[in-house]
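Summary of structural features
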Amino acid sequence: QSATFDNGSPRKTLVILGSGWGSVSLLKNLDTTLYNVVVVSPRNYFLFTPLLPSTPVGTIELKSIVEPVRSIARRAPGEVTYYEAEALDVDPVAKTVKVKSVSGSDADAVRDLKYDYLVVGVGAQPTTFGIPGVFENASFLKEIPDAQEIRVKVMNNIEKATTLPVSDPERKRLLNFVVVGGGPTGVEFAAELQDYIDQDLSKWMPELSKELHVTLVEALPNILNMFDKSLIKYAEDLFQETKINLRTNTMVKNVTPTVITAKCGDDIEDIPYGVLVWATGNAPREVSKSLMNRMESQNSRRGLLINDKLQLLGAEDSIWAIGDCTFYPGLFPTAQVAHQEGEYLASVLKKQYKIDQLKWHTLQNSNAAENDKLKSKVEKLSSQIKSFKYNHHGALAYIGSEKAIADLALGESMYHLAGSFTFLFWKSAYLNMCLSFRNRLLVALDWCKVSFFGRDSSV
Ligand code: FAD
Ligand code: NAD
């Protein structure tokens, strides 16, 4: 697209890749009248990931935690163009993004999009560390289709198991639900699954619910390693109480359709499973990898390397990268970081617009004295673009039985909270963080529905 402002200056095209925490935070805070804003994402909605582990068992409905990109764009002050497409590659020299449509009459059509400025916020994909059989047999918990797949597998296994005699080892296998990865994703999902068994299945399938087992497998000696030690102990003790089978120091090495093979100390053990959920962290997406391959300065395998102003190393003048697709020491792949980066970038792009306007005036002007003044204004404005400073508010995790843990940062002090009161705090914090009033209301109604009628377990 090419367009101009009233004063004749060219309006620059800003392409934003992704519709997740980073990109949507940018979009919500950006003055979209300053650029031709084009959003490219294969997902036409924002997903509130912190409540995703609650969805496979029906504590929260999927519709309650999504917000359409178009409704976010409509609230922006200027026009925003949205393409339901996937970025395949970026050419930082030609300043183009190769995109593939994922829907509509031109599905699969590939075209080049020209940009002046590009923001890469494509997130990450689940990592498997190349362990054989994971992609073929496990479910991940990253996106809406993942949650739907887990729900179908859980419900189908329960139904299948009821057709087999109690003594049949196949019945035992079907009813062993294994979660690999003791980070917050694995822990929160294991907790939700055990809640579902204890609070719902125990009422309408009391005998079978006693045969169901949730196993959480973690390679390191402890789960939830980013939390304070006292909270780790609290969570591990609660898991023991609720009978979640916690297998720490157990590293999965191989997966077949029915068995995972794990190394526990010097021993190798086979663990038969019915449903396997894999949550061992993040790896870069293909588009990030191809961008890395184009630049010598991009020599990390963990993500796109950026500087302290979130500019992509090797393309500092035109590309920024935010969120899980990046790697920068001290910035973890969390929604909190991505959200703050989006906010910061919106303010940078406002200053960048002013700088570009001054530069354009300089080009139009033939008066040397005035140009010197304009140039010094540009320098002053450029120096006002400060480094990104992350403000850590803490970390929260749901651990089951209506209990949560929280590491809270207040000023210089850290507070460690755990229990039922912390669960209420967890609920109110996440309600507060929901993107829209509609999301907030739907999530609150889902929690009320579950407390009155239990979880909806239909597929
Ligand atoms: P995402 O939010 O993943 O968004 C990436 C976007 O890019 C998506 O819209 C995607 O469709 C799009 N995209 C993908 N490929 C392409 C492509 N090729 N071209 C264009 N667009 C593309 N963090 C917390 O701080 N607190 C929590 O409680 C928490 N809970 C979580 C629970 C779960 C189950 C998960 C999986 C993560 C959780 N996180 C949490 C982490 C948090 O979700 C991420 O850190 C955050 O989503 C990162 O934001 P992002 O914008 O970088 O990526
Ligand atoms: P993670 O990287 O935090 O944890 C993955 C875990 O899997 C690690 O403990 C690792 O030791 C283990 N693991 C790796 N390979 C293994 C193997 N072969 N066998 C057994 N265990 C293995 O991953 P995550 O939980 O998916 O979280 C990803 C990011 O999202 C993190 O930054 C996290 O902080 C964030 N997140 C935050 C919240 C929250 O704040 N409540 C919730 C979910 C995710």
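In this text the structure is predicted, and so the values were computed from the model without any measurement. (Residues numbered from 1 in each chain as written. Chains lettered and ligands numbered in written order. Predicted model: local features only at pLDDT ≥ 70, side-chain atom pairs only at ≥ 80, totals over all residues. Heavy atoms only, no water.)

Let's talk about the overall build of the protein
The secondary structure content of the protein amounts to 13 helices and 25 strands. In terms of overall size, the protein behaves like a compact globule, its C-alpha atoms giving a radius of gyration of 25 Å where 459 residues would be expected to give roughly 23 Å. Principal-axis analysis of the C-alpha atoms gives the protein an extent of 90 × 45 × 45 Å. Burial analysis of the protein (459 residues in total) assigns 52% to the buried set. Restricting to contacts in the protein with at least 6 residues of sequence separation, those with at least 24 account for 62%. When the accessible surface of the protein is summed, it comes to about 21900 Å², and 54% of that surface belongs to carbon and sulfur atoms. Charged side chains of the protein number 50 positive and 53 negative; the gap between the two group centres comes to 5 Å. (Helix = DSSP H or I, 4+ residues; strand = E, 2+ residues; numbered from the N terminus. Rg over C-alpha atoms; globule rule 2.2 N^0.38 Å. Buried < 20%, exposed > 50% of the residue type's maximum accessible area, 1.4 Å probe, protein only. Contact = heavy atoms within 4.5 Å. Areas by Shrake-Rupley, 256 points an atom, 1.4 Å probe, with all protein chains shown as cover. Lys, Arg positive; Asp, Glu negative; His and termini not counted. Charge placed at Lys NZ, Arg CZ, Asp CG, Glu CD.)

Description of the confidence of the model for the protein
For the protein, mean pLDDT is 96; residues scoring 70 or higher make up 100% of the total. In the predicted complex, the global pTM is 0.97; the interface-specific ipTM is 0.99. (pLDDT = per-residue confidence, 0-100.)

Considerations on the site of ligand 1
Among the 29 residues in the neighbourhood of ligand 1, the closest are listed as G22, T49, A87, D324 and Y430. Contacts to ligand 1 include G22, whose backbone N or O atom sits 2.8 Å from an oxygen atom. In this structure, T49 approaches ligand 1 through a side-chain N or O atom, which is 2.5 Å from an oxygen atom. With the chains in place, 91% of the 990 Å² that ligand 1 exposes on its own is no longer accessible. Breaking the shell around ligand 1 down by element, the ones donating at least two residues are α1 (21–29), β4 (36–41), β7 (80–91) and α10 (335–364). If you tally residues by element for the shell around ligand 1, the top one is α10, at 3 residues. (Near = heavy atom within 4 Å. Polar contact = N/O pair within 3.5 Å; in protein donor to acceptor, adjacent residues only side chain to side chain.)

Examining the sheet that holds strand β25 (residues 413–419)
Hydrogen bonding along the main chain pairs the strands of a sheet, whether they run parallel or antiparallel. Ordered in space as β23-β24-β25, the 3 strands form an open sheet in which the pairing is antiparallel. Either end of the sheet is taken by a strand with one partner, and the two such strands are β23 (394–400) and β25. Going across the sheet, the axis of each strand differs from the next one's by a mean of 10 degrees, ignoring polarity. As judged from the 7 bridges shared by strand β24 (residues 403–410) and β25, these two strands associate in the antiparallel manner. Within β25, the position partnered with I405 by the bridge is A418. Docked against the sheet, helix α12 (residues 420–433) engages β23, β24 and β25, running at close to 70 degrees with respect to β24. (Pairing = 2+ DSSP bridges. Axes fitted to C-alpha atoms, helices over the stretch in contact; angles between N-to-C directions.)

Topic: the sheet that holds strand β15 (residues 250–255)
Spatially, the 3 strands line up as an open sheet ordered β15-β16-β17, and their pairing is antiparallel. Both outer strands of the open sheet, β15 and β17 (267–272), are each paired with one neighbouring strand and no more. Pairwise comparison of adjacent strand axes, ignoring direction, gives a mean angle of 30 degrees for this sheet.

Focus on the side chain of E192
Here E192 shows up in helix α6 (residues 184–204). Summary of buried charges: E192 has no salt-bridge partner, and the nearest side chain of opposite charge, R455, is 4.4 Å away. (Salt bridge = Lys/Arg side-chain N within 4 Å of Asp/Glu carboxyl O.)

Section: the environment of Q357
Mapped onto the elements, Q357 comes out in helix α10. The class for Q357 is buried, based on a relative accessible area of 11%. Q357 has contacts with F5, N7 and S9, leaving out every residue within four places of it along the chain.

Section: the site of ligand 2
Lining the immediate surroundings of ligand 2 are 24 residues, of which T185, E218, V252, P333 and L396 lie closest. In this structure, V252 approaches ligand 2 through a main-chain N or O atom, which is 3.1 Å from a nitrogen atom. P333 has a polar backbone atom sitting 3.1 Å from an oxygen atom of ligand 2. Surface burial for ligand 2 is 78%, taken as the share of its 840 Å² of free accessible area covered by protein chains. Breaking the shell around ligand 2 down by element, the ones donating at least two residues are α6 and β15. Tallied by class, residues from the shell around ligand 2 come to 14 nonpolar, 8 polar and 2 charged. (Nonpolar A, V, L, I, M, F, W, Y, C, P; charged D, E, K, R; others polar.)

Here we look at α1
Within α1, 7 of the 9 residues are buried, which leaves it mostly tucked inside the rest of the structure. Taken as a whole, α1 has its buried residues at W21, G22, S23, V24, S25, L26 and L27.

Section: the nonpolar core
The biggest cluster of nonpolar side chains holds 128 residues, and the ones touching the most others in it are V15, L17, V97, L118, V120, I158 and W426. Ranked by residue count, the leading element in this core is α10, at 11 residues. One finds I131, V217, I260 and I271 within the second-largest nonpolar core, a separate group that totals 14 residues. (Core = buried A, V, L, I, M, F, W, Y, C linked by side-chain atoms within 4.5 Å.)

Describing the packing of α12 against helix α13 (residues 437–453)
Two elements in contact, α12 and α13, have axes whose closest approach is 8 Å; the angle formed by their N-to-C orientations is 150 degrees. Taken together, the axes of α12 and α13 are roughly antiparallel relative to one another. α12 and α13 meet at a crossing whose hand is right-handed. For the pair α12 and α13, the contacting residues are W426, K427, L431 and N432 in the first and R440, V443, A444 and W447 in the second. For the contact of α12 with α13, the per-class residue count stands at 5 nonpolar, 1 polar and 2 charged. (Parallel < 35°, antiparallel > 145°, perpendicular 65-115°, else oblique. Left-handed = near helix turned anticlockwise from the far one by under 90°.)

Focus: a nonpolar patch on the surface
On the surface, L410, Y415 and L417 cluster together to form a nonpolar patch covering roughly 280 Å² of accessible area. Assignment of secondary structure puts L417 in strand β25. When its relative accessible area of 31% is taken as the criterion, L417 is described as partly exposed. (Patch = residues over 30% accessible without salt bridge, like charges linked within 9 Å, V, L, I, M, F, W, Y side chains within 5 Å.)

So, unusual backbone geometry
Residue L224 is not a glycine yet carries a positive backbone phi of 50 degrees. Note on placement: L224 falls in the loop between β13 (213–217) and α8 (229–241). Positive phi, close to 65 degrees, is recorded for L310, a residue that is not glycine. In this fold, L310 is placed in the loop between β20 (304–305) and β21 (319–321).

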